[in-house]
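# An overview of the molecular structure
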Amino acid sequence: MKNPVSFFKNYIAGTALGNAKDEFEIAGINLMFNYGIIGMFLGIGYTIMLQAQGYLLHSAINIIGFLLMSAVFAVMRITSNVKLVCILYIFIQLSLNTAWAITLNFRIEPDLLFWMFLSIVIACFILGSRWGIAIAAVVFLQVWFGVINRSADFAYFYIYKDRVPESNVIAMLVPFALNVYALREFVRTRFVPMLKRHRC
């Protein structure tokens, strides 16, 4: 019996993989598909945990994120355009990050920072350095405002007064691992072939 994940991947990304020009493009397609799957499964699990603990607003943000991640698969299936899929994914990721930052009154926790950094890594990997710099500028402004706001004892931004989920090791390890995975794929498909060519 065929692996259901492989069947789903072939249905969603099969055309894009078939049209890929090189290993780098294949890696980008696989990266976006894998992140979409991981994002949806993490979203389901984390939403259940948040609801059990009574964080209804944060659960709602995650449910919206889950629905938006479904659009990533739809765009990949319809267009087979990995760059368009990447732009959509980054837009969703930045939107969810901003929504979480707002509920934290822009107190940028380590796990949120790793998710923000992930958008930069993906942009550099698939869209190029200019996109990476642009996304980095957006992230820097959010982090900078968070630092300024926190140092001023939240004098500039404090709208959410209810309790918020605490950051923990698992919440930090997941986005950290995703960053490592993206960087590994970037090195494997870009720098390793380049070094091999120079050695020849």
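As shown above, the structure is provided for reference.
A few points on the structure. Along every chain, residues carry numbers that run from 1 in the direction the sequence is written. Where local features are concerned, this predicted model is filtered to residues with pLDDT of at least 70; where side-chain atom pairs are given and counted, the filter is 80 or more; whole-chain, interface and lining totals use all residues. Values reported for side chains reflect all heavy atoms of the structure, with hydrogen atoms and water molecules removed beforehand.

### Describing the pattern of salt bridges
Counted as salt bridges are all cases of a side-chain nitrogen of Lys or Arg within 4 Å of a carboxyl oxygen of Asp or Glu. Throughout the structure, instances matching the rule amount to two salt bridges. Across the salt bridge formed by E109 and R107, the nearest N and O atoms sit 2.7 Å from each other. Across the pair, R107 and E109 agree in class, each one buried. Close ionic contact of E185 with R184 constitutes a salt bridge, the shortest N to O distance being 2.4 Å. We classify E185 as buried; its relative accessible area is 6%. Any residue under 20% of the maximum accessible area for its type is buried, any over 50% is exposed, and the rest in between are partly exposed; the area is computed with a 1.4 Å probe on protein chains only.

### Section: the side chain of S119
Runs of E in the DSSP output that reach at least two residues are strands. Runs of H or I that reach at least four are helices, and both are numbered from the N terminus. Relative to the assigned elements, S119 resides in helix α5 (residues 110–127). On the basis of relative accessibility, which here comes to 2%, the residue S119 falls in the buried class. Once residues within four sequence positions are removed from consideration, S119 is found in contact with I90, Q93, L94, N97 and I135. Throughout, a residue-residue contact means that at least one pair of heavy atoms, one from each residue, lies within 4.5 Å.

### Thoughts on the state of the cysteines
Here, a disulfide means two cysteine sulfur atoms that sit within 2.5 Å of each other. Applying the stated criterion across every chain yields a total of zero disulfides. You can see C124 has no disulfide; the closest cysteine sulfur is in C86, sitting 10.0 Å from it.

### Observations concerning the side chain of N179
Mapped onto the fold, N179 is located in helix α7 (residues 169–199). When its relative accessible area of 3% is taken as the criterion, N179 is described as buried. Any N or O atom pair separated by 3.5 Å or less is treated as a polar contact, with the protein-specific requirement of one donor-capable and one acceptor-capable atom, and with residues adjacent in sequence counted only for side-chain atom pairs. At 2.8 Å, the side chain of N179 forms a polar contact with the backbone oxygen of P175. Sequence-distant contacts of N179, defined by excluding residues within four places in its chain, comprise Y35, F114, F117, L118 and V121.

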